[in-house]
Amino acid sequence: MNRFAPYVFLRDLASRWDVLAFIVVIGLIVFLGETSRGLFAPLSQLEITPLSLNPQHLPEYAARTTFRMLAGLALSLVFTLTYATWAAKSERAGKLLVPILDILQSVPILGFISVTVVFFMSLAPGRVLGAEFAAIFAIFTSQAWNMAFSFYQSLRTVPLELIEASESFRLSPWMRFWQLEVPFAMPALIWNMMMSMSGGWFFVVASESISVGPTTVALPGIGSYIALAIQQKNLGAIGWAIAAMLIVILLYDQLLFRPLVAWVDRFRVEQEPGVRVPDSWALTMMRRSRLIQAATVAFHAAVLWTSRAVKRSDEPLAAAAATPKRSLDLLWVSLLVAAVVLGLWHIVWVLIKNTPLREAAEVCGLATLTMLRVFILIALASCVWVPIGVWVGMRPRAAQIVQPIAQFMAAFPANLLFPIAVYGIVSWKLNPDIFLSPLMILGTQWYILFNVIAGASAIPAEMRYVAANFRVTGWLWWRKVALPAILPFYVTGAITASGGSWNAAIVAELATWGQTQVRARGLGSYIAEATAAGDFHRIILGIGTMSLFVVVINRLFWRPLYYYAERKYRLT
C-alpha cells in the first residue's frame with residue numbers, strides 16, 4: 001500500500017465516475033461538433049454529395065437527425081415553460097392562448113413546411129443552415145404542442161394544499177413556480193417529452209426530405225434516407241434504417257430519458273414506502289462525479305440567487321389599481337378583436353373569394369371522412385391502451401421495461417410500413433379507405449399510453465390502500481378509483497393523439513412505394529396531393545379546413561371533458 005501512497009491524490013482528484021463523466025461529456029462535444037459541420041456550406045453542396053443508401057453513411061445521418069431532434073426538443077421545452085405558464089397563470093391570456101394552441105396543434109406538419117420553408121431558406125440564402133432551420137422548426141411543431149398541453153394541465157391541477165403551503169412559507173411567485181409548480185409538473189412532462197421525441201421521429205421523413213412544389217431539399221439524415229429507400233424500393237436499406245433508429249433510441253433513452261425518469265421520481269406527490277425507485281447508471285454517474293456536482297452546485301446557487309432577487313410583495317393594492325386593470329382588459333380585448341377581424345378578412349379575401357362553393361363542400365366532405373376515421377381509431381386505441389397504461393403506471397418496475405419499448409414503437413415511422421400496406425392492398429384488392437386507416441393511429445396512439453401511465457403513477461397510495469381495505473375490485477374499482485384518477489391525463493393524451501392523427505392522415509391516406517400509389521379518400525390525401533403539386537390555394541384550403549374541424553371538435557367535445565375532469569377529479 002505504501003508504494004501507491006504518492007498516487008492517492010489522483011483518486012481524490014478524480015474517481016472512476018469522473019472519468020466516465022469526462023468521456024461522456026467529451027463524446028457529446030465531439031457529437032455536437034461533427035453534426036454542426038457543413039451548416040454554413042452552400043446549398044449546392046447537397047447536390048454535389050447526394051444521399052447514399054450505403055449503410056456506412058448511417059452513423060453520420062443518425063447523428064444529424066438526433067441533433068435536429070434534440071434541438072427541436074430544447075426549443076419545445078423553452079416554449080412550454082413560457083407559453084403554457086402564461087396560459088395557465090393569466091385568465092385573460094388563457095382565453096386566447098389555449099385556442100391558439102388548439103389551432104397550432106391542428107395545423108399539419110406539411111402545412112408548416114409549405115408556409116415557412118421559403119422564410120427559413122431566406123434567413124440564410126444559399127446556405128444549408130436555412131434548410132436546417134426549416135427542418136428543426138418542422139420537428140419543433142411535432143413536439144411542442146403535446147408538451148405545452150401537459151404542462152398547462154399540470155399547472156391547472158396543482159393540489160390546493162400545496163398551494164396553501166407555499167403561501168404559508170411566503171414564497172414569491174417566482175419561487176413557487178420553480179420550487180412547487182415545475183417539480184409537480186415534471187413527472188408528466190418527462191413522459192410527454194419522451195412521447196414528443198418519438199413523435200418527432202414519426203414526422204422526420206417529412207422534415208428532412210422537404211418537397212413543396214418545385215422546391216426539393218434532402219438534408220442528410222435518417223428521414224431522408226428512408227424517403228430515398230422508399231423511392232427506390234430498397235427493403236435492405238429500410239432494414240438498416242430500422243436498426244440505426246433502434247440504436248439511437250436506446251442511446252438517448254439511456255443517456256437522457258432514463259436518468260430524467262429516475263431523477264423526477266423524487267417529485268411525485270405520493271411516495272409509497274417499499275416501492276423500488278427507478279434507477280439509472282447515467283444518473284448515478286452524474287451524482288457521484290465531482291465535476292458534474294460542481295456544475296450542479298453552481299446552477300443551484302444561481303437559482304437560489306434569482307429566487308432571493310425576486311422579492312415577494314405583500315403591500316395592499318391601491319384602490320386606483322382597478323383603473324389600470326380595466327385599461328389592460330380593454331387593451332387586451334381590443335387587440336384580440338383586431339387580430340380576429342384581420343384574420344377573418346384575410347381568409348375571406350384570399351380563400352373564400354377564390355373558392356367555388358362546390359369545392360368547399362367537397363373539402364368539407366373529405367374532412368368528415370377523416371374525422372370519422374380519427375374518432376373510431378381513438379376509441380379503439382383507448383380500449384386497448386388505457387387498461388395497459390394503468391397496469392404499467394402502478395408498477396414502477398414494469399414501467400422501466402415498457403418505457404424503451406414504447407419509445408421505439410412510438411418512434412417507428414409509418415412510412416416503413418407502406419411497402420406492406422401497399423403490397424397487401426394491391427395484391428388482395430382491399431379497400432384503401434379502410435386498410436390505410438390504421439397507419440393514422442400508428443404513431444399517435446402512444447400519446448394515450450404515455451399520459452395514462454403518468455396518471456396512473458400519480459394515483460396516491462392512500463387511495464389504493466382505501467380501495468384495497470374496502471375490497472373495491474373489478475369494474476367498481478375502475479369506475480371509482482382508476483378512471484377518475486387518470487381522466488385529466490387521459491384527456492390530455494387523447495387531445496394530442498386526436499390532433500396527431502389528423503396530422504398523420506396526410507402521410508397515411510396517400511401511401512407510396514416506388515411508383516405505386518394507393519390513395520384513401522380524405523382530407524389528408526387532398527393536402528398531400530396539393531403539396532406535391534405546389535398548389536398554394538388548395539394547400540391553404542385544406543389546412544384551414546383541417547384546423548377548423550380540429551378546433552371545433554376540441555371546443556365542443558375535448559375541452560368540456562377536460563374542464564369537467566379538472567374540476568371533479570382534481571387531487572385536493
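Residues numbered from 1 in each chain as written. Predicted model: local features only at pLDDT ≥ 70, side-chain atom pairs only at ≥ 80, totals over all residues. Heavy atoms only, no water.

**Let's talk about the pattern of salt bridges**
Right, on to step 1. A complete count under the given rule lists 10 salt bridges for this structure.
Right, on to step 2. With a shortest N-O distance of 2.3 Å, Glu181 and Lys89 are connected by a salt bridge. Of this pair, Glu181 sits in helix 9 (residues 173–202) while Lys89 sits in helix 4 (residues 58–89); the two residues are 92 residues apart in sequence, bridging distant segments of the chain.
Right, on to step 3. A relative accessible area of 6% means that Glu181 is categorised as buried.
Right, on to step 4. What makes Lys89 partly exposed here is its relative accessible area of 44%.
Right, on to step 5. Across the pair Arg176 and Glu181 runs a salt bridge, and its minimum N-O distance is 3.5 Å. (Salt bridge = Lys/Arg side-chain N within 4 Å of Asp/Glu carboxyl O. Helix = DSSP H or I, 4+ residues; strand = E, 2+ residues; numbered from the N terminus. Buried < 20%, exposed > 50% of the residue type's maximum accessible area, 1.4 Å probe, protein only.)

**Overview of the packing of aromatic side chains**
Right, on to step 1. A full pass over the atoms with the stated rule returns 18 aromatic pairs.
Right, on to step 2. Each ring, one from Trp263 and one from Phe267, has its centre 5.1 Å from the other, and the planes form 90°; the classification is edge-to-face.
Right, on to step 3. For Trp263, a relative accessible area of 30% translates into the label partly exposed.
Right, on to step 4. Given the relative accessible area of 22%, Phe267 is considered partly exposed.
Right, on to step 5. Note on Trp477 and Trp478: the rings are 5.3 Å apart at their centroids and 85° apart in plane angle, and the pair reads as edge-to-face.
Right, on to step 6. Ring-pair connections join several aromatic residues into one group, and the members of that group are Phe79, Tyr83, Phe120, Phe137, Phe140 and Trp145.
Right, on to step 7. The ring of Tyr526 has Arg538 lying over it, and the distance from NZ or CZ to the ring centre is 4.8 Å.
Right, on to step 8. Stacked on the ring of Tyr562, the Lys or Arg Arg559 has its end atom at 5.5 Å from the ring centre. (Phe/Tyr/Trp six-rings, centres within 6.5 Å; stacked < 30°, edge-to-face > 60°. Lys NZ or Arg CZ within 6 Å of the ring centre and 35° of its normal.)

**Some words on empty space enclosed by the protein**
Right, on to step 1. According to the stated counting rule, one finds three cavities of 30 Å³ or more in the structure shown.
Right, on to step 2. In this structure, the second largest cavity occupies an estimated 110 Å³ of space.
Right, on to step 3. In terms of lining, the second largest cavity is formed by 13 residues, of which the most central are Thr141, Ser142, Trp145, Tyr447 and Asn503.
Right, on to step 4. Grouping the constituent residues of the lining of the second largest cavity by class yields four nonpolar, nine polar and no charged. (1 Å grid on protein atoms, 1.4 Å probe; cavity = no way out; pocket = protein on both sides within 12 Å on 5 of 7 lines; lining within 4 Å. Points joined across faces, edges and corners; volume = space filled by probe spheres on them. Nonpolar A, V, L, I, M, F, W, Y, C, P; charged D, E, K, R; others polar.)

**Remarks on the pairing of strand 4 (residues 516–519)**
Two faces make up the sheet, and in a regular strand the side chains alternate between them.
Right, on to step 1. Alignment of strand 3 (residues 510–513) against strand 4, held across four bridges, turns out to be antiparallel. Each bridged residue has a counterpart across the sheet, and for Trp513 the counterpart in strand 4 is Thr516.
Right, on to step 2. Between strand 3 and strand 4, which pair antiparallel in sequence order, lie two residues; one of them, Gly514, sits at a positive phi of approximately 65°. (Pairing = 2+ DSSP bridges.)

**As for helix 11 (residues 222–231)**
Right, on to step 1. Counting buried residues along helix 11, nine of its 10 residues qualify, which places the element largely inside the surrounding structure.
Right, on to step 2. Here helix 11 has its buried residues at Ile222, Gly223, Ser224, Tyr225, Ile226, Ala227, Leu228, Ala229 and Ile230.
Right, on to step 3. Just beyond helix 11, the residue with positive phi is Lys233, at close to 55°.

**Points about the confidence of the model for the protein chain**
Right, on to step 1. Summary statistics for the protein chain give a mean pLDDT of 79 and a share of 82% for residues scoring 70 or more.
Right, on to step 2. Mean pLDDT across the secondary structure elements of the protein chain bottoms out at helix 1 (residues 8–13), with 50, and peaks at helix 16 (residues 357–393), with 92. (pLDDT = per-residue confidence, 0-100.)

**Points about the packing of helix 11 against helix 12 (residues 235–264)**
Right, on to step 1. Two elements in contact, helix 11 and helix 12, have axes whose closest approach is 9 Å; the angle formed by their N-to-C orientations is 160°. In terms of orientation, helix 11 lies roughly antiparallel with respect to helix 12. Note on packing geometry: the crossing formed by helix 11 with helix 12 is left-handed. Between helix 11 and helix 12, the residues in contact are Ile222, Tyr225, Ile226, Ala229 and Ile230 and Ala237, Ile238, Trp240, Ala241, Ala244 and Met245, respectively.
Right, on to step 2. The residue inventory of the contact of helix 11 with helix 12, partitioned by class, reads 11 nonpolar, no polar and no charged. (Axes fitted to C-alpha atoms, helices over the stretch in contact; angles between N-to-C directions. Parallel < 35°, antiparallel > 145°, perpendicular 65-115°, else oblique. Left-handed = near helix turned anticlockwise from the far one by under 90°. Contact = heavy atoms within 4.5 Å.)

**Examining a nonpolar patch on the surface**
Right, on to step 1. On the surface, a nonpolar cluster with roughly 490 Å² of combined accessible area is contributed by Phe375, Leu548, Val552, Leu556 and Phe557.
Right, on to step 2. Broken down by element, the nonpolar patch gets its largest block of residues, four residues, from helix 25 (residues 536–568).
Right, on to step 3. Residue Val552 is classed as partly exposed on the basis of its relative accessible area, which comes to 37%. (Patch = residues over 30% accessible without salt bridge, like charges linked within 9 Å, V, L, I, M, F, W, Y side chains within 5 Å. Areas by Shrake-Rupley, 256 points an atom, 1.4 Å probe, with all protein chains shown as cover.)

**A look at the nonpolar core**
Right, on to step 1. Counting residues in hydrophobic clusters, the biggest one holds 132 residues, and the most contacted among them are Trp201, Ile448 and Trp502.
Right, on to step 2. Counting residues per element, this core draws most heavily on helix 23 (residues 474–508), which supplies 17 residues. (Core = buried A, V, L, I, M, F, W, Y, C linked by side-chain atoms within 4.5 Å.)

**Observations regarding unusual backbone geometry**
Right, on to step 1. Its identity as a non-glycine residue notwithstanding, Arg170 has a phi of 55°, on the positive side.
Right, on to step 2. Following the sequence through the fold, Arg170 ends up in the loop between helix 8 (160–168) and helix 9.
Right, on to step 3. A positive phi angle, near 55°, is found at Lys429, a position not held by glycine.
Right, on to step 4. Structurally, Lys429 is set in the loop between helix 18 (418–428) and helix 19 (432–435).

**Points about helix 13 (residues 281–288)**
Structural remark: α-helix, 3.6 residues per turn; residues separated by three or four positions point the same way.
Right, on to step 1. Those residues of helix 13 that fall on the buried side of the exposure criterion are Ala282, Leu283 and Met285. Here the buried residues of helix 13 occupy an arc of 155° about the axis, which is enough to place them on one side. (Arc of directions from axis to C-beta.)

**A look at the packing of helix 8 against helix 9**
Right, on to step 1. Following both chains from N to C, one finds helix 8 and helix 9 inclined at 165°, their axes separated by 11 Å at the closest point. When the axes of helix 8 and helix 9 are compared, the pair comes out roughly antiparallel. For helix 8 against helix 9, the interelement crossing comes out right-handed. Contacts from Leu162, Ile163, Ser166 and Glu167 in helix 8 reach Arg176, Leu180 and Phe184 in helix 9.
Right, on to step 2. Tallied by class, residues from the contact of helix 8 with helix 9 come to four nonpolar, one polar and two charged.

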